[in-house]
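# A closer look at the structure
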Amino acid sequence: MSEYERGFAAGYRAAHRTDVRDITTERGTPAPKSRAKKTRKVSAYSKRYGREYKRLKAKHPRMKFGALSKKAHAATRKAIK
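An account of the accompanying structure is given in this report. (Residues numbered from 1 in each chain as written. Predicted model: local features only at pLDDT ≥ 70, side-chain atom pairs only at ≥ 80, totals over all residues. Heavy atoms only, no water.)

## Brief notes about the overall build of the chain
The test is simple: Comment: elements are numbered from the N terminus, with helices defined as DSSP H or I runs of at least four residues and strands as E runs of at least two. Only the protein chains shown count as cover for residues, and the accessible areas themselves come from Shrake-Rupley with a 1.4 Å probe.
For the chain, the helix and strand inventory stands at three helices and zero strands. N-terminal to C-terminal, the α/β element order of the chain is α-α-α. For the chain, the computed accessible surface area is about 7900 Å², with 57% contributed by carbon and sulfur atoms.

See the structure below:
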């Protein structure tokens, strides 16, 4: 193996090491596993829309989603005014 090949192989191994920096942050401390996600507050509109949609779906189970959501949206706007 020539000097060039030895240097290339050593450089390649150093650049592709997987045992040192892949699970640490910049400071060298272990990265946190995963934090619990915060739940987002559901708006009054979204709650009302869900109720309207479920009501319509119970009355018209075979109707398309687009048509049902359009009617639920209209009913929600009327109710919130």
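## Side note on the packing of aromatic side chains
So the rule is basically this: Each Phe, Tyr or Trp ring (for Trp, its six-membered ring) is paired with any other whose centre lies within 6.5 Å, and the angle between the two planes then decides the class: stacked below 30 degrees, edge-to-face above 60, tilted in between.
One pass over the structure, following the stated rule, counts three aromatic pairs. Ring centres 6.3 Å apart and planes at 25° place the aromatic pair tyrosine 49 and tyrosine 53 in the stacked group. You can see tyrosine 49 and its partner tyrosine 53 sitting in helix α2 (residues 44–59), four residues apart, about one turn around the helix. Here a set of aromatic residues connected by ring pairs shows up, and it is made of Tyr45, Tyr49, Tyr53 and Phe65.

## Re the packing of α2 against helix α3 (residues 65–80)
To keep it simple, the criterion reads: To get an axis, a line is fitted to the C-alpha atoms, and for a helix only the part in contact is used. The angle between two axes follows their N-to-C directions and goes from 0 to 180 degrees. Should an angle fall under 35 degrees it is called roughly parallel, over 145 degrees roughly antiparallel, and 65 to 115 degrees roughly perpendicular, with every other angle called oblique. Working rule for handedness: look at the near helix, and if it is turned counterclockwise from the far one by less than a right angle, call the crossing left-handed; if clockwise, right-handed. In this description, contact between two residues means that some pair of their heavy atoms is separated by no more than 4.5 Å.
It is the contact of α2 with α3, at a shortest axis distance of 8 Å, that shows an interaxial angle of 130°. Here α2 is positioned oblique relative to α3, judged by the angle of their axes. Relative to α3, α2 is oriented so that their crossing is right-handed. Here Tyr45, Arg48, Tyr49, Glu52, Tyr53, Leu56 and Lys57 of α2 lie close against α3, whose contacting residues are Phe65, Leu68, Ser69, Lys71, Ala72, His73, Ala75, Thr76, Ala79 and Ile80.

## Comments concerning a nonpolar patch on the surface
Stated precisely, the cut-off is as follows: Patches draw on residues past 30% relative accessible area with no salt bridge. Two like charges within 9 Å are joined, as are two nonpolar side chains (Val, Leu, Ile, Met, Phe, Trp, Tyr) within 5 Å. In the sections that follow, a salt bridge refers to a side-chain nitrogen of Lys or Arg positioned within 4 Å of a carboxyl oxygen of Asp or Glu. Only protein chains enter the accessibility calculation, which uses a 1.4 Å probe; a residue whose area is less than 20% of its type maximum is buried, one above 50% is exposed, and one in between is partly exposed.
On the surface, Tyr4, Phe8 and Tyr12 cluster together to form a nonpolar patch covering roughly 420 Å² of accessible area. By the secondary structure assignment, tyrosine 4 is in helix α1 (residues 3–15). Tyrosine 4 sits in the exposed class, given a relative accessible area of 64%.

## Quick look at the side chain of threonine 76
Position of threonine 76 among the secondary structure elements: in helix α3. Of the residues examined, threonine 76 reaches a relative accessible area of 0% and is grouped as buried. Residue contacts for threonine 76: discarding those within four places in its chain leaves Tyr45, Arg48, Tyr49 and Glu52.

## Re the pattern of salt bridges
Tallying each qualifying case throughout the model produces two salt bridges. In this structure, glutamate 52 and arginine 48 form a salt bridge, with 3.2 Å as the shortest nitrogen-oxygen distance. Taken together, the residues span about one helical turn, with glutamate 52 and arginine 48 both in helix α2 at a distance of four residues. Overall, glutamate 52 belongs to the buried group, its relative accessible area being 9%. Note that glutamate 52 is salt-bridged to arginine 55, the shortest N-O span being 2.8 Å. In this pair, glutamate 52 and arginine 55 are both assigned in helix α2, three residues apart and thus about one turn of the helix distant. In the salt-bridge network here, residues are joined through shared partners; they are Arg48, Glu52 and Arg55.

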